[in-house]
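Spelled out from the first residue to the last, the chains are:
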Amino acid sequence: MSDALPTFLDERVRVLIGDITTHDVTAIVNAANSTLLGGGGVDGAIHRIGGPQIYAECKQIRETTHPNGLPTGEAVITTGGNLAAQYVIHTVGPIYGRNPAREAELLAACYDNSLRIARQYAVLSIAFPSISTGAFGYPKPAAAAISSRAIRDFLTTDNQIREVRLVFFHPSDARVFLEYQEFE
Ligand code: ADP
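Residues numbered from 1 in each chain as written. Predicted model: local features only at pLDDT ≥ 70, side-chain atom pairs only at ≥ 80, totals over all residues. Heavy atoms only, no water.

### A few points about the pairing of strand E4 (residues 75-79)
Burial analysis of E4 places four of its five residues in the buried class, the great majority of the element. Pairing of E4 with strand E5 (residues 87-92) involves five bridges; the strand directions are antiparallel. Counterpart to Thr79 in the pairing with E5 is Tyr87. (Buried < 20%, exposed > 50% of the residue type's maximum accessible area, 1.4 Å probe, protein only. Helix = DSSP H or I, 4+ residues; strand = E, 2+ residues; numbered from the N terminus. Pairing = 2+ DSSP bridges.)

And the structure:
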């Protein structure tokens, strides 16, 4: 279960604490790596709970449209397997320090491209983890500012997505996010 925290943009954006794999939304976003074939953190949890169907679809994507892996900042969609969510949108965040001139733009692109795919698939509700801020080492205050601006910019051009949930595993991460977000 998740504890409700503040909302933004006329309640279209909700900040929550909890495990994203439990969320009953149209789509959850996976902080994947470019292989799309599994990893640790939230990626490991999504594949563990979601089951082999998600892995099979990711493998299919590697065998067809993305033989060299999914580039950083891009997003692809699979079904949700055994998850409550109907879809998983897989995006690859930047590894902090790898490409300093572009990492903010790439992190924003993860949110923007995930929301674009969501719109294409008529998603009404979507839950994001805090992309890149775990194993990929992106500083949490900067990630809060970048992600909130990207979500705000998208939602001001879109009327279809009713709810965006930002799900933080650790309460301290939600607190940092709330301090540094730039929704308004
Ligand atoms: P990345 O490689 O993009 O940094 P990680 O999975 O290592 O991705 O971490 C991204 C964020 O996801 C971190 O803040 C981590 O605490 C969080 N996280 C890990 N497991 C879950 C989960 N089951 N639900 C929600 N967030 C999670």
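### Considering the site of the ligand
Around the ligand, the surrounding shell holds 16 residues, and the nearest of these are Asp19, Val42, Ser132, Gly134 and Ala135. Taking Ser132, its main chain carries an N or O atom lying 2.9 Å from an oxygen atom of the ligand. Top element by residues in the shell around the ligand is helix H1 (residues 41-50). It accounts for three residues. Residues belonging to the shell around the ligand are distributed by class as follows: seven nonpolar, seven polar and two charged. (Near = heavy atom within 4 Å. Polar contact = N/O pair within 3.5 Å; in protein donor to acceptor, adjacent residues only side chain to side chain. Nonpolar A, V, L, I, M, F, W, Y, C, P; charged D, E, K, R; others polar.)

### Here we look at the environment of Asp19
In this fold, Asp19 is placed in the loop between strand E2 (13-17) and strand E3 (27-32). For Asp19, a relative accessible area of 31% translates into the label partly exposed. On a C-alpha basis, the gap between Asp19 and Phe169 in space is 5.9 Å, while along the polypeptide they are 150 residues apart. For Asp19, the side chain forms a polar contact with the side chain of Thr21, separated by 2.8 Å.

### Points about the packing of aromatic side chains
Two descriptors summarise a pair of aromatic rings, namely the distance from one centre to the other and the angle between the planes of the rings. Evaluated as defined, the whole model comprises six aromatic pairs. Ring plane angle 65 degrees and centroid distance 5.0 Å describe the contact between Tyr96 and Tyr138, whose orientation is recorded as edge-to-face. Of this pair, Tyr96 sits in the loop between E5 and helix H3 (103-120) while Tyr138 sits in the loop between strand E6 (125-128) and helix H4 (140-155), and the two are 42 residues apart along the sequence. The class of Tyr96 is partly exposed, set by a relative accessible area of 40%. For the pair Tyr111 and Phe128, a centre-to-centre distance of 4.8 Å together with 35 degrees between the ring planes defines the contact as tilted. Of the two residues, Tyr111 sits in helix H3 while Phe128 sits in strand E6, which places them 17 residues apart along the sequence. A relative accessible area of 0% places Phe128 in the buried class. In this structure an aromatic cluster arises from ring pairing among Phe8, Phe168, Phe177 and Phe183. (Phe/Tyr/Trp six-rings, centres within 6.5 Å; stacked < 30°, edge-to-face > 60°.)

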